Amino acid sequence: MEMTDAFIRNITDDFACGLSDDTHNFEDINDLLADKDELIAYTKRMIRFNTTIMADSHNAFLYCSRIKCYKSFIEKNEGGK
């Protein structure tokens, strides 16, 4: 599974901030990172979550790079680009 440093940093930040506690059953980020199917599903939820926040934010630009990073991860690991 291909993960950039930026992806790991972003997904760890979302995980650590508890932004999605109700969307996963993992207590440790390393367990999530080791489970490809769950990580892809979690990343897709984080794309939707961050897109929703971005739509309601006065600082939408703060979420654009994170969403782009997540979409790139999905494309690389689901057989896209």
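Details of the structure are given in the entry above.
I will try to describe carefully the structure that is included in this document. Please read all numbers here as calculations on a predicted model, not as lab measurements.

Analysis parameters
- Residues numbered from 1 in each chain as written.
- Predicted model: local features only at pLDDT ≥ 70, side-chain atom pairs only at ≥ 80, totals over all residues.
- Heavy atoms only, no water.
- Helix = DSSP H or I, 4+ residues; strand = E, 2+ residues; numbered from the N terminus.
- Buried < 20%, exposed > 50% of the residue type's maximum accessible area, 1.4 Å probe, protein only.
- Contact = heavy atoms within 4.5 Å.
- Areas by Shrake-Rupley, 256 points an atom, 1.4 Å probe, with all protein chains shown as cover.
- Core = buried A, V, L, I, M, F, W, Y, C linked by side-chain atoms within 4.5 Å.
- Axes fitted to C-alpha atoms, helices over the stretch in contact; angles between N-to-C directions.
- Parallel < 35°, antiparallel > 145°, perpendicular 65-115°, else oblique.
- Left-handed = near helix turned anticlockwise from the far one by under 90°.
- Nonpolar A, V, L, I, M, F, W, Y, C, P; charged D, E, K, R; others polar.
- Polar contact = N/O pair within 3.5 Å; in protein donor to acceptor, adjacent residues only side chain to side chain.

Some details on the overall build of the chain
Here comes step 1: For the chain, the helix and strand inventory stands at four helices and zero strands.
Here comes step 2: The proportion of buried residues among the 81 residues of the chain is 31%.
Here comes step 3: Across the chain, the fraction of contacts at a sequence separation of at least 24, relative to all contacts at a separation of at least 6, is 59%.
Here comes step 4: Working note: accessible area of the chain is about 5200 Å², and carbon and sulfur atoms make up 49% of it.

Notes on the nonpolar core
Here comes step 1: Among the nonpolar cores identified, the biggest contains 17 residues, and Phe7, Ile11, Leu32 and Leu39 are the most heavily contacted of them.
Here comes step 2: Where this core is concerned, the elements lending two or more residues are helix H1 (5-16), helix H2 (29-34), helix H3 (36-55) and helix H4 (61-77).
Here comes step 3: Apart from residues no more than four positions distant in its own chain, leucine 32 is found in contact with Phe15, Phe26, Glu38, Leu39 and Tyr42.

Re the packing of H1 against H4
Here comes step 1: The interhelical angle for the contact between H1 and H4, taken along N-to-C directions, is 115 degrees, at an axis separation of 10 Å. Taken as axis vectors, H1 and H4 run roughly perpendicular relative to one another. H4 is crossed by H1, and the crossing has left-handed handedness. For the pair formed by H1 and H4, the contact residues are Ala6, Phe7, Asn10, Ile11, Asp13 and Asp14 on the first element and Arg66, Cys69, Tyr70 and Phe73 on the second.
Here comes step 2: Among the residues forming the contact of H1 with H4, the class breakdown is six nonpolar, one polar and three charged.

Things to note about the side chain of aspartate 14
Here comes step 1: Tracing the chain through its elements places aspartate 14 in helix H1.
Here comes step 2: Residue class for aspartate 14 comes out buried when judged on its relative accessible area of 1%.
Here comes step 3: At a separation of 2.6 Å, a polar atom in the side chain of aspartate 14 contacts the side chain of arginine 66.

As far as function goes, none of this settles anything; it's purely spatial.
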